[in-house]
Amino acid sequence: MRYLILCLALLLAVPAWAVQPDEVLSDPALEARARDISRILRCPVCQGETIDESNAPISRDLRLYLRERLIAGDSNEQAVDAVVERFGEYVLFEPRARGINWLLYLAGPLMALLGLLIGWRFIRSRAEPETRPETLSEEERARLDRIMQD
């Protein structure tokens, strides 16, 4: 009995979708497209949730605007472009690889290469043999002996 209650509790713990019944489109194909697009759009308030998962009012506005664009006949790309134009590129979970965003995509690999280079140089400098001091000349040795006797 305990296991049954535990299983039911775990089933109820799945994330609840925030899409309200009045938002759902009557055309199943358009609704499926809206849900697919909603998975790549971030809630500007919640930041870690998609607009489908978020209960924030701005997410509702985004969902409604997205569905309006799809009803108007926009393709998926056009609908996403319209949302980005209106709300900014921040709403995309994956920023587009263009303009200044290239810095985001290249920073990780460049830092990894820089770290490898620094590590390689450090290891290489430690592996170099130590230079042996030169032997003292007769004049230096005599001077050292005089200093040590005083």
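That block above? That's the structure.
Residues numbered from 1 in each chain as written. Predicted model: local features only at pLDDT ≥ 70, side-chain atom pairs only at ≥ 80, totals over all residues. Heavy atoms only, no water.

Would you explain helix 5 (residues 102-127) in this entry?
Think of an α-helix as 3.6 residues a turn; residues three or four steps apart then line up on the same face. The end-to-end C-alpha distance of helix 5, which contains 26 residues, comes to 37 Å, matching closely the 38 Å that a straight helix rising 1.5 Å per residue would cover. Gly108 marks where helix 5 bends most, by close to 25 degrees; the proline Pro109 follows one to four residues later. Of all the 26 residues making up helix 5, zero are buried; the element is thus mostly uncovered. (Helix = DSSP H or I, 4+ residues; strand = E, 2+ residues; numbered from the N terminus. Expected span 1.5 Å × (residues − 1). Bend = angle between axes of the 7 residues up to and from the residue. Buried < 20%, exposed > 50% of the residue type's maximum accessible area, 1.4 Å probe, protein only.)

What is the right way to look at a nonpolar patch on the surface in this model?
Side chains of Trp102, Leu104, Tyr105, Leu106, Leu110, Leu113 and Leu116 sit close together on the surface and give an oily, nonpolar patch of about 750 Å² of accessible area. By the secondary structure assignment, Leu104 is in helix 5. (Patch = residues over 30% accessible without salt bridge, like charges linked within 9 Å, V, L, I, M, F, W, Y side chains within 5 Å. Areas by Shrake-Rupley, 256 points an atom, 1.4 Å probe, with all protein chains shown as cover. Salt bridge = Lys/Arg side-chain N within 4 Å of Asp/Glu carboxyl O.)

Help me understand the packing of helix 3 (residues 57-71) against helix 4 (residues 76-87) in this model?
Each pair of packed helices can be described by the angle between their axes along with the distance between the axes. For the pair helix 3 and helix 4, interaxial distance at closest approach is 9 Å and the crossing angle is 140 degrees. Of the possible angle classes, the one that applies to helix 3 and helix 4 is oblique. Here helix 3 runs over helix 4; the crossing is right-handed. The segment helix 3 lies against helix 4, with Ile58, Leu62, Tyr65, Leu66, Arg69 and Leu70 engaging Asn76, Ala79, Ala82, Val83, Arg86 and Phe87. Residue composition of the contact of helix 3 with helix 4, by class: nine nonpolar, one polar and two charged. (Axes fitted to C-alpha atoms, helices over the stretch in contact; angles between N-to-C directions. Parallel < 35°, antiparallel > 145°, perpendicular 65-115°, else oblique. Left-handed = near helix turned anticlockwise from the far one by under 90°. Contact = heavy atoms within 4.5 Å. Nonpolar A, V, L, I, M, F, W, Y, C, P; charged D, E, K, R; others polar.)

Can you walk me through the pattern of salt bridges in this structure?
For side chains bearing opposite charge, pairing can occur when the charged atoms are close. In total, this model carries five salt bridges according to the counting rule given. Linking Glu31 and Arg35 is a salt bridge whose minimum nitrogen-to-oxygen distance equals 3.1 Å. A residue pair is termed a helical-turn pair when its members lie 3 or 4 positions apart in one helix, as Glu31 and Arg35 do in helix 2 (residues 28-38) at four residues. On the basis of relative accessible area, Glu31 is assigned to the buried category, the value being 9%. A single network of salt bridges, built from pairs that share partners, joins Glu31, Arg35, Asp52 and Arg67.

Just checking my understanding: could you explain the packing of helix 2 against helix 3 for this structure?
In the contact formed by helix 2 and helix 3, the axes pass within 10 Å of each other and the chain directions differ by 135 degrees. Between helix 2 and helix 3, the angle is such that the two are oblique. In the packing of helix 2 onto helix 3, the handedness of the crossing is right-handed. Mapping the contact onto sequence places Leu30, Glu31, Arg33, Ala34, Arg35, Ile37 and Ser38 in helix 2 and Leu66, Arg67, Leu70 and Ile71 in helix 3. Grouping the amino acids of the contact of helix 2 with helix 3 by side-chain chemistry returns six nonpolar, one polar and four charged.

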